[in-house]
Protein chains: 2
Amino acid sequence: MPQNRQILLDNRPEGEAVASNFKLVSTDTPALKDGEVLVRHHYLSLDPYMRGRMNDSKSYAASQPLGEVMIGGTVGEVVESKNPKFAVGDQVVGMGGWQEYSVVDGNAPGMLRKVDTTHVPLSHYLGAVGMPGVTAWYGLVKIIAPKEGNTLVVSAATGAVGSAFAALAKARGCRVVGIAGGPEKCKYAVDELHFDACIDYRQHPDVKTMSKALKDACPNGIDGYFENVGGYILDSVLLRTNAFARIALCGMIAGYDGAPLPLQNPALILVNRLMIQGFIVSEHMEVWPEALKELGTLVGTGKLKPRETVAQGIESAPEAFLGLLKGKNFGKQLVKLS
Amino acid sequence: MPQNRQILLDNRPEGEAVASNFKLVSTDTPALKDGEVLVRHHYLSLDPYMRGRMNDSKSYAASQPLGEVMIGGTVGEVVESKNPKFAVGDQVVGMGGWQEYSVVDGNAPGMLRKVDTTHVPLSHYLGAVGMPGVTAWYGLVKIIAPKEGNTLVVSAATGAVGSAFAALAKARGCRVVGIAGGPEKCKYAVDELHFDACIDYRQHPDVKTMSKALKDACPNGIDGYFENVGGYILDSVLLRTNAFARIALCGMIAGYDGAPLPLQNPALILVNRLMIQGFIVSEHMEVWPEALKELGTLVGTGKLKPRETVAQGIESAPEAFLGLLKGKNFGKQLVKLS
């Protein structure tokens, strides 16, 4: 029975999340019951939504309970099986949490999915060909619904969602402008992710300079925006929207800590007849097959080359997660667990 | 050639609009050219959108030019015609502006429409069976798209838009809660307009008390909101929205004067997966026939009994308009011109 190291949520953040909110423990993996599968995790996915789960307040999902393993997406390999649908050696994606092993009911629908790593590396099933990729797909296809030639903007441009968004939007003939932190990320966005332009928010730290930069990068205005951040960047984008622009709201990372960040000029929603829609992708499972097919093809054919930042070992997860919230990662943030 | 008294926009407001922004002048009505019609206005409609037109800043519509007759909807009677489509005595609705007469090109599409006053009084073509009614219809049917049993909220509840909204929403089996200023308007909303409840915003002047009142009036939460006002009322409604609630944004009257009013907690759009859409009804002419048919039937059958506040004479228009912006009117604000 292998030892399983786990990260629990020990206490809730007061304001900014800190490492001491988490606790590392070690337990035995339990013996399997009929129908269950033991998965050895290869990678854990770290994602901004986890910050919301750490709070006790009402959110779109249940709070992460204290003293339990942190929620999280994982990819790995079946190492023991009492379920005829899964064999030892199968590569699988699931929601195993911040731990090295998980025991999964192989009969529960949607809990564990076998994946093919012939053309797509295993880790990408946590990024471009997983939840973040489908998030980009849903916001682009179902909310922004762009026309060829439209100008689209995405914040957190070099992250897992942003990079998938760019590839999907370029495939639809759009001009895509990213917003990212630092010259290295901006260069990467243009050179490797095929963004038409990328704005460094560190060089444009307020509405005045950011809206000017957006004006320069979007000479025909903004027709669609995929929001991962919130705060002054959203305010700046609204100032540059064209009539009937559409905004997919998927993250408000800037506001997770402390007080809510206001939207400074909501009258622009009326003035420019905007549509703003918030969503979480797990409520739209019906689009996943179509989205994953397109995303797998983009990765398999080299049109989407997602970058990853990989922390080593379960014990590194808290610091890697706090870094993600501050934008220290470059591309999809993972933790390698084996 | 009759004298035509007109109200011009003389200068733009600095902050709050004031009576001295307007100027009353008197001119001769010009001789008609071929195809033209002279209309004697019976009623002028006063509407909140006019405040936006008085500014020089970018808005969804062109600014009202200085020194020209203020824009506005009118109903009246043809008193002279050089157009075979219009006869003297025809009752017509159009955009004649703040003046006693207008000369209209009877061949220009959509400029002048003949109306039937057998079942619907002429003035109602400026309210329930006109632009405000269609505004309510579009927001309800095309944006909120409610299901039977949904709880809907509308601000400025006893105004022309709000009262039509209530009748349309009740016809679809919804619970409808209004927000209005003062006990008299709230009583009227419930007794005459068939609102299920009406909240007096004067008794609930901040987010804390208003959101509490909304909780009491909407025990099952809010599924749809028709926004005529903006400011803290919108903030309060967002706090009570159910998942997937839909918000039609048609007015931000509270923010027309002075600085923009922030939306305090836009993260709720994500948390509750809301959809917010701004619109102006003149961009959706394709729905007008269907909407006007339903609204005409509601008025004709007595299911919608719109109330009017009528000022007398063109010279009273500026003060009546300023009163409208402060909520002093009760129901549709009109100016009687003949």
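Residues numbered from 1 in each chain as written. Chains lettered and ligands numbered in written order. Predicted model: local features only at pLDDT ≥ 70, side-chain atom pairs only at ≥ 80, totals over all residues. Heavy atoms only, no water.

1. Side note on the packing of aromatic side chains
Quick reminder of the rule: Each aromatic pair joins two rings of Phe, Tyr and Trp (for Trp, the six-membered one) with centres within 6.5 Å, and gets the label stacked for planes under 30 degrees apart, edge-to-face for over 60, and tilted for any other angle. A helix here means a DSSP run of H or I that spans at least four residues, while a strand means a run of E at least two residues long, and both kinds are numbered starting from the N terminus. The classification of residues rests on relative accessible area computed with a 1.4 Å probe and restricted to protein chains. Under 20% of the type maximum is buried, over 50% is exposed, and intermediate values are partly exposed.
Per the counting criterion, the structure on display carries 14 aromatic pairs over all chains. Ring centres of Phe165(A) and Phe226(A) lie 5.3 Å apart, and the angle between their planes is 55 degrees; on these two criteria the pair is classed as tilted. Here Phe165(A), found in helix 3 (residues 160-170), pairs with Phe226(A), found in strand 11 (residues 222-227); they are 61 residues apart in sequence, far enough to count as distant. Residue Phe165(A) shares its accessibility class with Phe226(A), and that shared class is buried. Centroid distance Tyr188(B) to Phe330(B): 5.0 Å. Interplanar angle 85 degrees. Geometry classified as edge-to-face. Of the two residues, Tyr188(B) is situated in helix 4 (residues 183-191) and Phe330(B) in the loop between helix 9 (317-325) and strand 15 (332-336); the sequence distance between them amounts to 142 residues. When its relative accessible area of 9% is taken as the criterion, Tyr188(B) is described as buried. Residue Phe330(B) is classed as buried on the basis of its relative accessible area of 9%. Site record: aromatic cluster; members linked through ring pairs are Tyr138(A), Phe165(A), Phe226(A) and Phe279(A).

2. As for the nonpolar core
Put simply, the test is: For this analysis, a nonpolar core means a set of buried residues of the types Ala, Val, Leu, Ile, Met, Phe, Trp, Tyr and Cys, connected via side-chain atoms within 4.5 Å. Contact criterion: two residues are considered in contact whenever any of their non-hydrogen atoms come within 4.5 Å of each other.
With 104 residues, the main nonpolar core has Phe165(A), Phe226(A), Phe165(B) and Phe226(B) as its most contacted residues. Residue contacts for Phe165(B): discarding those within four places in its chain leaves Ala136(B), Leu140(B), Ile144(B), Leu152(B), Val153(B), Val154(B), Val176(B) and Phe226(B). Core analysis: the next-biggest nonpolar cluster, separate from the first, contains 56 residues, Ala213(A), Ala217(A), Val153(B) and Ala217(B) among them.

3. Brief notes about the side chain of Asp90(A)
Examined against the element boundaries, Asp90(A) turns out to sit in the loop between strand 4 (74-81) and strand 5 (91-94). The buried category is assigned to Asp90(A), whose relative accessible area is 18%.

4. A word on the domain arrangement of chain A
Residue and element names in this part refer to chain A. Condition: Residue ranges labeled as domains rest on an automatic or database domain assignment. Take the accessible area each of two parts loses on contact, using a 1.4 Å probe, and add the two losses: that sum is the buried area. Here the term charged refers only to Asp, Glu, Lys and Arg, the term nonpolar to Ala, Val, Leu, Ile, Met, Phe, Trp, Tyr, Cys and Pro, and the term polar to all other amino acids, Gly among them.
By domain assignment, chain A separates into domain 1 (3-127 + 306-336) and domain 2 (131-282). For domain 1 versus domain 2, the separation of C-alpha centres amounts to 28 Å. Contact residues are listed per partner, giving 20 residues for domain 1 and 15 residues for domain 2. Here domain 1 meets domain 2 over a buried area of about 1,400 Å², counting both sides, of which 59% is carbon and sulfur. For the side of domain 1 that touches domain 2, the secondary structure elements donating two or more residues are helix 1 (49-54) and helix 9 (317-325). A per-class count over the side of domain 1 that touches domain 2 returns nine nonpolar, six polar and five charged.

5. Section: the environment of Val120(B)
Residues and elements named next belong to chain B. Looking at the element boundaries, Val-120 is found in the loop between strand 7 (112-114) and helix 2 (131-144). A relative accessible area of 5% means that Val-120 is categorised as buried. C-alpha separation for the pair Val-120 and Val-92, spaced 28 residues apart in sequence, amounts to 13 Å. If we ignore the near neighbours within four places in the chain, the residues touching Val-120 are Tyr-125, Val-129, Gly-296 and Val-299.

6. Overview of the pattern of salt bridges
Rule in force here: The term salt bridge refers to a side-chain nitrogen of Lys or Arg lying within 4 Å of a carboxyl oxygen of Asp or Glu.
By the definition in use, this model includes 22 salt bridges over all chains. Here Glu100(A) makes a salt bridge to Arg5(A), at a shortest N to O gap of 3.1 Å. In this pair, Glu100(A) is assigned in the loop between strand 5 and strand 6 (101-105) and Arg5(A) in strand 1 (residues 3-9), connecting sequence segments 95 residues apart. Look at Arg5(A) and you get partly exposed, because its relative accessible area is 29%. Where Arg12(B) meets Asp56(B), a salt bridge forms, and the shortest distance between an N and an O atom there is 3.9 Å. You can see Arg12(B) sitting in the loop between strand 1 (3-9) and strand 2 (22-28) and its partner Asp56(B) sitting in the loop between helix 1 (49-54) and strand 4 (74-81), a full 44 residues away along the chain. Taking relative accessible area as the criterion, Arg12(B) reaches 22% and is therefore assigned partly exposed. Classification of Asp56(B) as exposed rests on a relative accessible area of 59%.

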